[in-house]
Amino acid sequence: MAWNSTLETKRNVASLLRTVILIMVAAAAVSSRLFAVVRYESIIHEFDPWFNFRATKVLTKDGYYRFWNWFDPTAWYPLGRAAGGTVFPGLMVTSGTLYNILHFFNIPVNIRDICVMLAPIFSVLTVLAAYLFTSVMKDDSAGLLAALFISIAPGYISRSVAGSYDNEAIAIFLLLFTFYLWVRAVRDGSMLFGTLTALFYFYMVAAWGGYVFITNMIPLHAFVLVLMGRFSERLYVAYSSFYAIGTLASMQIPFVGFQPVRTSEHMAALGVFGLLQLIALTELVRKYVSSQQFKVLVRTFVAVTALAAFAALVMLTYAGYIAPWTGRFYSLWDTAYAKKHIPIIASVSEHQPPAWPTYFLDLHCLVYLFPAGLFFLFHHLRDEHIFVVIYAVMASYFSGVMVRLILTLTPCVCVCAALATSALIDVYAGSPVGSEASRKNGRSVRTMPLEARMLVLGCVGIVLEMFILHSTLITSSAYSSPSVVLASQTPDGNQVIIDDFREAYYWLRENTPQDAKVMSWWDYGYQIAGFADRTTLVDNNTWNNTHIATVGKAMASSEERAYPILRKHDVDYVLIIFGGLLGYSGDDLNKFLWMIRISQGLWPDEIQEHKFFSNGEYRVDDKASATMRNCLMYKMSYHRYNDLFGGQAGMDRARNAMGPSTSPTLDTLDEVFTSENWLVRIYQVKKEDTLGRHLPLAHAFEQGKRLHQAPFPLNADAIVH
């Protein structure tokens, strides 16, 4: 009895310690994501989060029904956007539900604060998911290490800081927890866990377009298990319950609809489902048919079924009932595909392949522990271990194609690194020589001296401490700055806040008519709509390539050609970003080549990239090509720039080159606003009746009207975001 009591006490103490450690890790996860709020203020970051914020306000103000049927006439003018049916609503519904619950209990929380803090809140759930997932792979100690790693890993924090109100804020938790439920379902053969996997998969489908990763990862795991001869009733029950319920549930999301049964990205899941049914049927037939008859019957049946299924897939795809692979999917396998065929995808910085230092920046020492963890998995190789190995291979490849997909690799790296670190600690912190635990088959197991073991453990502790310091530094300096507020330092070390974006958006809101139409490059559409509440021609949804190409064409054309385009689309104001004075490298002139390439794809006779180069160089000084110096983007960027330098040519710090010796002049646009640091410039489009004194331009406008009499062309092959 005393022995049982002591064992029970030890278990209770261990359980208490695990709980305390998890609470401390969760507190670290939240606090490390608050740098942005502490250093700046409670504000929504980046670009896409501003649309999510607007949509959430519609949901909380007008209700769920209004949100589902929300048509936004201020976006993609003059087309508008059926916003409610073209979004993944999981993020907005989650925030709206939290808002309604808090207000039900009379807690007056602003919806903005919920949106800002949603990512740190869900990071706590991600910590718990990492603990549970890794505990299934090894034990609780490994689970605690995985929870610690993922709580502060920069690769995950980069998309989950306070204010980063994007789909990934909740999607990484759903990804990891869905995988945890899946491996539990396979291990236990549980229909309950299979159903829970399907329900959280449905939540994931509602939250993020990256759900396709789960859609293919789980079938791939099941298929590999079958190839390894590990088919079992447990696998059959788990996958059948997941696929049947998950597919039906995912089809309830309006933006997804019938895609699970009509697109190539989902066919692997359907094929594995059919394969498991065939295998289960053959196992049943085996019990009632003799061995020789069984072989003939199975071979014939499988061959006929496989051929019929393949022929049906080909015919349905050819007939158009099953959509082929999308351009975004092709760009994951062919790294040059997007640049050749869909430049708008390649133009996004987070769609570029990462440099090797990026992995160290986002993962630090976990990069080196990652392969050791995979070795541990291969050493045991249970069914759940095979899943992590497949996950590691697929996520490693995809992260090498797009830098943003390091986000999906990070949970796997944290799990594998935790397994390696836990195994290392088990070996070097084990029982000393001579104890019962160190004996095997009556002989003492050789171990290192205590001093050597302590040295190894000390080195492990130092490396982990460096990981913590690195993660804190990178999080505070690189991943906690809102894109609309820039920070700089003076030579004496004092911090300077550059608030030009909000200054410009506030000017638009206060000094332009409510129905004013603003043209800018698509990167800033969501922010203009969110901050300034003005109608935009294009935004970050990128669903219509033709519309975006039209804006690029206007920017890349001379005033005579651009003015008819601006007037045809009722443009009142043009907004550009110019970083020449500050040295801001993300300005529109540095993005200009992508505007040219995107518009060239539709109008190759009018827009040609080589004409913007001078002897093969992209220049902005007096040696720039004539096409470059005459285009609207160039003129708007350097208009009056030399006035800052006493009429002399000014240094463009963003491109580290001199600007033009003579500032360009504009005939069709009036400068109405330039922010304090010249980062944001806004021009008003002159009406045609004011161009009478500019006869060539007036004549060009009349010609342009005749050339653009046809309705605005819609691209049937527009990219769906």
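About the criteria used
- Residues numbered from 1 in each chain as written.
- Predicted model: local features only at pLDDT ≥ 70, side-chain atom pairs only at ≥ 80, totals over all residues.
- Heavy atoms only, no water.
- UniProt positions renumbered as here; feature names shortened; annotations may be inferred.
- Helix = DSSP H or I, 4+ residues; strand = E, 2+ residues; numbered from the N terminus.
- Buried < 20%, exposed > 50% of the residue type's maximum accessible area, 1.4 Å probe, protein only.
- Contact = heavy atoms within 4.5 Å.
- Areas by Shrake-Rupley, 256 points an atom, 1.4 Å probe, with all protein chains shown as cover.
- Salt bridge = Lys/Arg side-chain N within 4 Å of Asp/Glu carboxyl O.
- Phe/Tyr/Trp six-rings, centres within 6.5 Å; stacked < 30°, edge-to-face > 60°.
- Pairing = 2+ DSSP bridges.
- Polar contact = N/O pair within 3.5 Å; in protein donor to acceptor, adjacent residues only side chain to side chain.
- pLDDT = per-residue confidence, 0-100.
- Axes fitted to C-alpha atoms, helices over the stretch in contact; angles between N-to-C directions.
- Left-handed = near helix turned anticlockwise from the far one by under 90°.
- Nonpolar A, V, L, I, M, F, W, Y, C, P; charged D, E, K, R; others polar.
- Arc of directions from axis to C-beta.
- Parallel < 35°, antiparallel > 145°, perpendicular 65-115°, else oblique.
- Disulfide = S-S within 2.5 Å.

The protein has the name Dolichyl-diphosphooligosaccharide--protein glycosyltransferase subunit STT3 in an unreviewed UniProt entry, where Malassezia globosa is given as its organism. As stated in UniProt under Pathway (unreviewed entry), the record for the protein gives "Protein modification; protein glycosylation." UniProt, in its Sequence similarities (unreviewed entry) section for the protein, records the words "Belongs to the STT3 family."

On a plain count of helices and strands, the protein comes out with 31 helices and eleven strands. Among the 721 residues that make up the protein, the fraction classed as buried is 50%. Nonlocal contacts in the protein, meaning residues at least 24 apart in sequence, comprise 71% of its contacts between residues at least 6 apart. Of the roughly 33,200 Å² of accessible surface on the protein, a fraction of 62% belongs to carbon and sulfur atoms.

The next thing to look at is the pattern of salt bridges. Tallied over the entire structure, the rule returns 29 salt bridges. Arginine 655 is paired through a salt bridge with aspartate 652; the nearest N and O atoms lie 2.8 Å apart. One salt bridge connects lysine 686 with aspartate 670, and the closest N-O pair in it is separated by 3.7 Å. With lysine 686 in the loop between β11 (680-685) and α31 (695-707) and aspartate 670 in strand β10 (residues 669-674), this pair connects stretches of sequence that are 16 residues apart. Taking relative accessible area as the criterion, lysine 686 reaches 11% and is therefore assigned buried. Judged by relative accessible area, aspartate 670 falls into the partly exposed class, the value being 35%.

To continue, consider the packing of aromatic side chains. Two aromatic rings, taken as a pair, are described by how far apart their centres are and by the angle between their planes. Here the structure, examined in full by the defined rule, presents 43 aromatic pairs. When the ring of phenylalanine 122 is compared with that of phenylalanine 173, the centres are 5.8 Å apart and the planes differ by 65°; the resulting orientation is edge-to-face. Pair noted here: phenylalanine 122 is in helix α6 (residues 111-137) and phenylalanine 173 is in helix α9 (residues 168-188), with a separation of 51 residues, a long-range link. Phenylalanine 122 sits in the buried class, given a relative accessible area of 6%. Where tryptophan 507 meets tyrosine 573, the ring centres are 6.4 Å apart and the plane angle is 80°; that geometry is what we call edge-to-face. Taken together, the residues tryptophan 507 in helix α24 (residues 500-511) and tyrosine 573 in strand β7 (residues 573-577) connect sequence positions 66 residues apart.

Time to look at the sheet that holds β11. The mixed open sheet is built from five strands, whose spatial order is β6-β5-β7-β11-β10. Every other strand in the sheet has two partners, leaving β6 (535-536) and β10 as the edge strands with one partner each. When β10 meets β11, the two strands line up antiparallel, connected through five bridges. Pairing of aspartate 670 across the sheet is with glutamine 684, part of β11.

Another aspect to go through is the side chain of aspartate 621. Within the secondary structure, aspartate 621 sits in the loop between α28 (588-600) and α29 (626-630). Classification of aspartate 621 by relative accessible area gives buried; the value is 15%. Here the side chain of aspartate 621 touches arginine 619 through a polar contact of 2.8 Å, side chain to side chain. Of the polar contacts made by the side chain of aspartate 621, one reaches the backbone nitrogen of lysine 623; its length is 3.0 Å.

Here the protein averages 86 in pLDDT, while 86% of its residues score no lower than 70. Here residues 433-445 scores under 50 on pLDDT; set against residues more than four positions off or in separate chains, the count is 15 contacts. Within the model, the stretch residues 693-721 combines pLDDT values under 50 with 47 contacts to residues more than four positions away or in other chains.

Following both chains from N to C, one finds helix α21 (residues 383-401) and helix α22 (residues 406-428) inclined at 145°, their axes separated by 9 Å at the closest point. The hand of the α21/α22 crossing is left-handed. Contact residues: α21 offers Val388, Tyr391, Ala392, Ala395, Ser396 and Ser399, while α22 offers Ile406, Thr408, Leu409, Pro411, Cys412 and Cys416. In the contact of α21 with α22, the residues fall into nine nonpolar, three polar and no charged.

Leave glycine aside and you will find that most residues have negative phi; peptide bonds, for their part, are mostly trans. Cis geometry marks the peptide bond from tyrosine 77 to proline 78, where omega comes out at 5°. A positive phi is found at leucine 381, a non-glycine position, where the angle reads about 55°. Relative to the elements of secondary structure, leucine 381 occurs in the loop between α20 (366-380) and α21. A positive phi angle, near 50°, is found at asparagine 656, a position not held by glycine. On the basis of relative accessibility, which here comes to 67%, the residue asparagine 656 falls in the exposed class.

As a further point, take the side chain of serine 190. Following the sequence through the fold, serine 190 ends up in the loop between α9 and α10 (191-207). Classification of serine 190 by relative accessible area gives buried; the value is 16%. Here serine 190 is in contact with Ala185 and Val237, once residues within four sequence places are set aside.

This next bit is on the pairing of strand β4 (residues 495-498). Each regular strand shows side chains that alternate between the opposite faces of the sheet. Relative to β4, strand β3 (residues 486-489) is paired through four bridges, and the arrangement is antiparallel. Within β4, the position partnered with alanine 487 by the bridge is isoleucine 497. If you look at the hairpin formed by β3 and β4, you'll find five residues sitting between the two strands, and glycine 493 has a positive phi there, around 95°.

Our next topic: helix α19 (residues 356-363). Listing the buried residues of α19 in full gives Thr358, Tyr359, Asp362 and Leu363. All buried residues of α19 project into a common sector of 105° when viewed along the axis, lining one side. Turned more than 90 degrees from where α19 packs its buried face, Trp356 and Pro357 sit exposed. Those residues of α19 that are buried lie in contact with α8 (154-157), α20, α21, α22 and α23 (450-477). The first or second residue beyond α19 is histidine 364, which carries a positive phi of 55°.

Moving on to the packing of helix α12 (residues 233-250) against helix α14 (residues 267-286). Relative orientation of the contacting elements α12 and α14 amounts to 140°, with a least axis distance of 10 Å. The angle between α12 and α14 places the two elements in the oblique class. Like other packed secondary-structure pairs, α12 and α14 cross with a definite hand, here left-handed. Between α12 and α14, the contacting residues are Leu235, Tyr236, Tyr239, Ser240 and Tyr243 on the first element and Ala269, Leu270, Val272, Phe273, Leu276, Gln277 and Ala280 on the second. Within the contact of α12 with α14, the residues separate by chemical class into ten nonpolar, two polar and no charged.

The bond known as a disulfide is covalent and runs between the sulfur atoms of two cysteines. Per the stated rule, a full pass over the model turns up zero disulfides. A disulfide-free cysteine, cysteine 412 has its sulfur positioned 4.2 Å from the sulfur of cysteine 416, the nearest such atom. With a relative accessible area of 1%, cysteine 412 lands in the buried category.

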